[in-house]
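# Analysis of the macromolecular model
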Amino acid sequence: MMSLDEETDALDENTTPAAAREAFRAGVVRPTCGVAKGYAQANMISLPREYAYDFLLFAQRNPKPCPILDVLDAGSPFPSIAAGSDVRTDIPLYRVWENGKLVDTLPDITDVWAKHDDLVTFLIGCSFTFEFPLMEAGIPVRHILAGRNVPMYDTSIKCRPAGRFSANMVVSMRGVQPDQVADAVQISARYPSVHGAPVCVGSPESIGITDVMHPDYGDAPVLEEGDVPVFWACGVTPQAAVMASKPTFAITHAPGHMFISDVPDRTYMV
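Residues numbered from 1 in each chain as written. Predicted model: local features only at pLDDT ≥ 70, side-chain atom pairs only at ≥ 80, totals over all residues. Heavy atoms only, no water.

### A short note on the overall build of the protein chain
Here is the rule: For helices the rule is a DSSP run of H or I covering at least 4 residues; for strands it is a run of E covering at least 2, with both sets numbered from the N terminus onward. Each radius of gyration is computed over the set of C-alpha atoms, and the globule rule expresses the reference value as 2.2 Å times the number of residues to the power 0.38. Whether a residue is buried, partly exposed or exposed follows from its accessible area with a 1.4 Å probe, protein chains only, as a fraction of its type maximum: under 20%, in between, or over 50%, in that order. The criterion used for residue contact is that any of the two residues' heavy atoms lie within 4.5 Å. Residue-level accessible areas treat just the shown protein chains as cover; the underlying method is Shrake-Rupley with a 1.4 Å probe. By the counting scheme adopted, Arg and Lys are positive, Glu and Asp are negative, and His together with the chain ends is not counted. To locate a charge, the coordinates of NZ of Lys, CZ of Arg, CG of Asp or CD of Glu are taken.
Scanning the protein chain for helices and strands turns up eight helices and 11 strands. Relative to a compact globule of 270 residues, whose C-alpha radius of gyration would be 18 Å, the protein chain shows 17 Å and is just as compact. Projected onto its principal axes, the C-alpha coordinates of the protein chain cover approximately 50 × 50 × 35 Å. Residue burial in the protein chain is summarised as follows: out of 270 residues, 57% are buried. Within the protein chain, contacts between residues separated by at least 24 positions form 76% of all contacts whose residues are at least 6 apart in sequence. If you sum the accessible surface of the protein chain, you get close to 11,100 Å²; carbon and sulfur atoms cover 51% of it. Taking the 20 positively charged and 33 negatively charged side chains of the protein chain as two groups, their mean positions are separated by 7 Å.

### Some words on the packing of aromatic side chains
Here is the rule: Put simply, two rings from Phe, Tyr or Trp (the six-membered ring, in Trp's case) pair if the centres are within 6.5 Å, and we call them stacked under 30 degrees between planes, edge-to-face over 60, tilted for the rest.
Counted according to the given criterion, the structure contains eight aromatic pairs. Here Phe55 and Phe165 contribute two aromatic rings whose centre-to-centre distance is 5.7 Å and whose plane-to-plane angle is 85°, an arrangement assigned as edge-to-face. Here Phe55, found in helix H3 (residues 49-61), pairs with Phe165, found in the loop between strand E6 (152-158) and strand E7 (168-176); they are 110 residues apart in sequence, far enough to count as distant. Here Phe58 and Phe165 contribute two aromatic rings whose centre-to-centre distance is 6.5 Å and whose plane-to-plane angle is 50°, an arrangement assigned as tilted.

### Concerning the layout of surface pockets
Operational definition: With a 1 Å grid spanning the protein atoms alone, the term cavity applies to any set of points in which a 1.4 Å probe fits but cannot get out, the term pocket to an open set with protein on both sides within 12 Å along at least five of seven lines, and the term lining residue to any residue with an atom within 4 Å of a point. Grid points are joined across faces, edges and corners, and a volume is the space filled by probe spheres set on the points.
Here the largest pocket defines a volume of roughly 200 Å³. Every element with two or more residues in the lining of the largest pocket is listed here: helix H5 (131-136) and helix H6 (142-145). Approximately 160 Å³ is the volume found for the second largest pocket. Forming the walls of the second largest pocket are Lys37, Gly38, Phe132, Pro133, Glu136, Ile187, Arg190, Tyr191, Asp265, Arg266 and Met269. Among the elements that take part in the lining of the second largest pocket, H5 stands out by supplying three residues, more than any other.

### Some remarks on the nonpolar core
Stated precisely, the cut-off is as follows: Working definition of a nonpolar core: buried Ala, Val, Leu, Ile, Met, Phe, Trp, Tyr and Cys residues. They are joined through side-chain atoms within 4.5 Å.
If you look at the biggest cluster of nonpolar residues, it comprises 55 residues, and the most contacted ones within it are Phe55, Phe58 and Phe231. Those elements giving two or more residues to this core turn out to be strand E1 (39-48), H3, strand E5 (119-125), E6, E7, helix H7 (181-189), strand E9 (228-233) and helix H8 (237-245). Looking at this core, the element that brings in the most residues is H3, giving six residues. Not counting the four nearest positions on each side in its chain, Phe231 is found in contact with Tyr153, Val171, Ser172, Met173, Pro198, Val199, Cys200, Gly202, Pro204, Ile207, Ile209 and Val212. If you look at the next biggest cluster of nonpolar residues, it comprises 22 residues, including Ala40, Val87, Trp113 and Leu123.

### Topic: unusual backbone geometry
In most cases, non-glycine residues show a negative phi, while peptide bonds are predominantly trans. Of note, His195 is a non-glycine position whose phi angle comes to about 90°, a positive value. Tracing the sequence through the fold places His195 in the loop between H7 and strand E8 (200-201). Taking relative accessible area as the criterion, His195 reaches 1% and is therefore assigned buried. Despite not being glycine, Lys246 has its phi angle at roughly 60°, a positive value. Mapped onto the secondary structure, Lys246 falls in the loop between H8 and strand E10 (249-253). Relative accessible area serves as the criterion here: at 44%, Lys246 is assigned to the partly exposed category.

### Quick look at the pairing of strand E4 (residues 101-106)
Each regular strand carries side chains that alternate between the two faces of the sheet. The following threshold applies: At least two bridges found by DSSP between two strands is the condition for calling them paired.
Where strand E3 (residues 94-98) lies against E4, five bridges are found, and the strand directions are antiparallel. Among the inter-strand pairings, Trp97 is bridged to a residue of E4, identified as Leu102. Counting the residues in the hairpin turn of E3 and E4 gives two residues, including Asn99, whose phi is positive at 50°.

### Focus: the side chain of Gln239
To keep things clear, this is the line we draw: Whenever two N or O atoms come within 3.5 Å, that pair is a polar contact, provided that in protein one can donate a hydrogen and the other can accept it, and provided that, for residues adjacent in sequence, both atoms are side-chain atoms.
On the secondary structure map, Gln239 appears in helix H8. Judged by relative accessible area, which is 1%, Gln239 ranks as buried. In this structure the side chain of Gln239 is engaged in a polar contact, spanning 3.4 Å, whose partner is the side chain of Thr252. If near-sequence neighbours (up to four positions away) are discounted, Gln239 is found in contact with Arg95, Trp97, Thr252, His253 and Pro255.

### A word on a nonpolar patch on the surface
Put simply, the rule reads: Here a patch means residues that are over 30% exposed by relative accessible area and free of salt bridges, tied together within 9 Å if like-charged and within 5 Å if nonpolar (Val, Leu, Ile, Met, Phe, Trp, Tyr). Within this document, salt bridges are pairs made up of a side-chain nitrogen of Lys or Arg and a carboxyl oxygen of Asp or Glu, the two lying within 4 Å of each other.
A surface patch of nonpolar side chains, amounting to about 350 Å² of accessible area, comprises Tyr53, Leu56, Ile68 and Val71. For the nonpolar patch, the elements supplying multiple residues, two or more each, are H3 and strand E2 (68-71).

### Observations concerning the sheet that holds E9
Formally: Axis angles are defined between N-to-C directions and span 0 to 180 degrees, where every axis is a line fitted to C-alpha atoms and, for a helix, only to the segment in contact.
Spatially, four strands are ordered E6-E7-E9-E8 in an open sheet, and the strand pairing comes out antiparallel. With partners counted over all chains shown, the strands left at the sheet margins are E6 and E8, one partner each. Two strands pair when backbone bridges link them, and E8 and E9 are joined in this way by two bridges, in the antiparallel orientation. Within the sheet, the bridge partner assigned to Val201 lies in E9 and is Val230. Against the sheet, H7 touches E7, E8 and E9, its axis set at about 10° to E9.

On their own, these measurements won't tell you what the molecule is for.
What follows is the structure, given as structure tokens:
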């Protein structure tokens, strides 16, 4: 039997989604970028039923950062996009929120979930899904090559409010060489259900980012000489909405620690 460290090291692009979820259920904690090539990954947020409609409307009005892949029935932890999975255990790291404040970070939320019988869970497309297609096209994804989490940033881009929810968009960033930017835009645009094309190419100041080397979430970026910073809408935006709108309770994934589905990424291509 492998130790947790050995299980962590064993997770890579060849790991199946089921094996990855089993490892996370056993206690492995690591970002999911670079794991389970060919399968869609998802951000997660669970909210009390009284907030579910407002959040659904928020996501519908903001499909770029919040493209919904699955909505679970109130109280159910079992997604339809991964056989035998459980959102209480199968994500490597979770965040627990009360009144918009982060109160805990946990690798398993079973005990927390048991205290709330009406949570509605949303699984939202993640840009990790198109990272392998970028690499297959010869575009390096530098945080994967460096074994780091993707850098993510708060921006000045306002989302459309809905009911009790409002937020500015969060974005993820990847450095791309100038002669590969057009290809990166074209490839990611084929995946609108996992954020699609970038929202900004270059000029981070134009979207309110003053220092790309100090992200608000994830790890500092790895940039090579000449790289252009390219920014994609990010599924951490719902966490920004939690902080801004202050629902009484919420559970989310920790940034970069995703739910890995059984759905092939090509399912979400257009």
